[in-house]
Amino acid sequence: MKTYVPNLKDADKTWWLVDADGQNLGRLATQIASVLRGKHRPEVTPHLDLGDHVIVVNAEKIVVTGNRLDGKMYHRHSGYPGGLRSMNLRDMLDRHPDRVLKLAVKGMLPRGRLGRQHLTKLRVYSGAEHPHEAQVPTPYLLNASRGADAS
């Protein structure tokens, strides 16, 4: 009996649509990272990009617990002396709500070439509209008690 090893030619990529309205930021990001890596499939292979595409809408309506709105800080540096810019989560959600979720998912993906390749399959939109109707995305139902449940 031979062992089945999947390859990229046989992988069929599914497009999933996730509604972030009322979802917790960290719990949502872990489930999205799992789908991007392909861990929801039975033929998961850690060294190949067999994950699916994920479209997230309503990113401005995510929920965080505790005092993270004022306590969590995002930092970026221009590369010049004195170029450090910091912003708390409340300001980041007001200005760039899509970036908050994208950075949370990026932190849960592996570092390196494969993680960057996984991140290219994530599309985050702050409103309810998205330009990917031609791909016919399937709604992805999130269930907090059992993990992600696709239907």
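About the cut-offs
Residues numbered from 1 in each chain as written. Predicted model: local features only at pLDDT ≥ 70, side-chain atom pairs only at ≥ 80, totals over all residues. Heavy atoms only, no water. Helix = DSSP H or I, 4+ residues; strand = E, 2+ residues; numbered from the N terminus. Polar contact = N/O pair within 3.5 Å; in protein donor to acceptor, adjacent residues only side chain to side chain. Contact = heavy atoms within 4.5 Å. Phe/Tyr/Trp six-rings, centres within 6.5 Å; stacked < 30°, edge-to-face > 60°. Buried < 20%, exposed > 50% of the residue type's maximum accessible area, 1.4 Å probe, protein only. Lys NZ or Arg CZ within 6 Å of the ring centre and 35° of its normal. Axes fitted to C-alpha atoms, helices over the stretch in contact; angles between N-to-C directions. Parallel < 35°, antiparallel > 145°, perpendicular 65-115°, else oblique. Left-handed = near helix turned anticlockwise from the far one by under 90°. Nonpolar A, V, L, I, M, F, W, Y, C, P; charged D, E, K, R; others polar. Expected span 1.5 Å × (residues − 1). Core = buried A, V, L, I, M, F, W, Y, C linked by side-chain atoms within 4.5 Å. Salt bridge = Lys/Arg side-chain N within 4 Å of Asp/Glu carboxyl O.

Novice: Describe the side chain of H53, and please don't skip the residues or the numbers.
Specialist: Here H53 is to be found in strand β2 (residues 53–57). One polar contact links H53 to R123, side chain to side chain, over a distance of 3.1 Å. The residues contacting H53, other than those within four sequence positions of it, are K13, T14, W15, W16, K121 and R123.

Novice: Lay out the packing of aromatic side chains in plain terms, naming residues and giving numbers.
Specialist: To describe a pair of aromatic rings, one takes the distance between the centres and the angle between the planes. In this structure the tally under the stated criterion is one aromatic pair. On the basis of an interplanar angle of 75° and a centroid distance of 5.0 Å, the ring pair of W16 and Y140 is categorised as edge-to-face. With W16 in strand β1 (residues 15–19) and Y140 in strand β6 (residues 138–143), this pair connects stretches of sequence that are 124 residues apart. Neither residue differs from the other here; W16 and Y140 are each classed as buried. Sitting above the plane of the Y74 ring, K72 keeps its charged end 5.1 Å from the centroid.

Novice: So what's going on with the packing of helix α1 (residues 25–37) against helix α4 (residues 97–106)? Which residues, and what values?
Specialist: Between α1 and α4, whose axes approach to 8 Å, the crossing angle comes to 60°. By the angle between their axes, α1 is oblique relative to α4. As α1 runs across α4, the sense of the crossing is right-handed. Along the contact surface, α1 presents L25, L28, A29, I32, A33 and L36, while α4 presents V100, L101, A104 and V105. Of the residues belonging to the contact of α1 with α4, the class tally is ten nonpolar, no polar and no charged.

Novice: Go over α1 with me, naming the residues and quoting the values.
Specialist: The α-helix winds at 3.6 residues per turn, so residues separated by three or four positions along the chain end up facing the same way. Here α1 contains 13 residues, and its C-alpha end-to-end distance of 18 Å stays within 8% of the 18 Å for a straight helix at 1.5 Å per residue. Taken residue by residue, α1 has L25, L28, A29, Q31, I32, A33, V35 and L36 as its buried positions. Capping the start of α1, N24 holds a side-chain oxygen 3.4 Å from the backbone nitrogen of G26, two or three residues further along. Looking at the residues trailing α1, positive phi occurs at G38, about 90°.

Novice: Tell me what's going on with the nonpolar core, and back it up with residues and numbers.
Specialist: In terms of nonpolar packing, the biggest core is built from 29 residues, with I32, V54, V56, V100, V105 and L122 touching the most fellow members. Tallying contributions element by element places α1 first for this core, with seven residues. If we skip the residues at most four places from it in the chain, V105 touches A29, I32, A33, L36, L119 and L122.

Novice: Tell me about the pattern of salt bridges, and name the residues and values.
Specialist: Any two side chains of opposite charge can pair if their charged atoms end up close together. All told, the structure shown has five salt bridges when counted by the stated rule. D12 serves as the salt-bridge partner of R41, at 3.5 Å between the closest nitrogen and oxygen. Linking R41 in the loop between α1 and β2 with D12 in the segment before β1, this pair joins segments that are 29 residues apart in sequence. Between D52 and R41 there is a salt bridge; the shortest N-O distance is 2.4 Å. Of the two residues, D52 sits in the loop between α1 and β2 while R41 sits in the loop between α1 and β2, which places them eleven residues apart along the sequence. Comparing D52 with R41, the two get one shared label, buried. When salt bridges that share partners are traced, they join D12, R41, E43 and D52 into one network.

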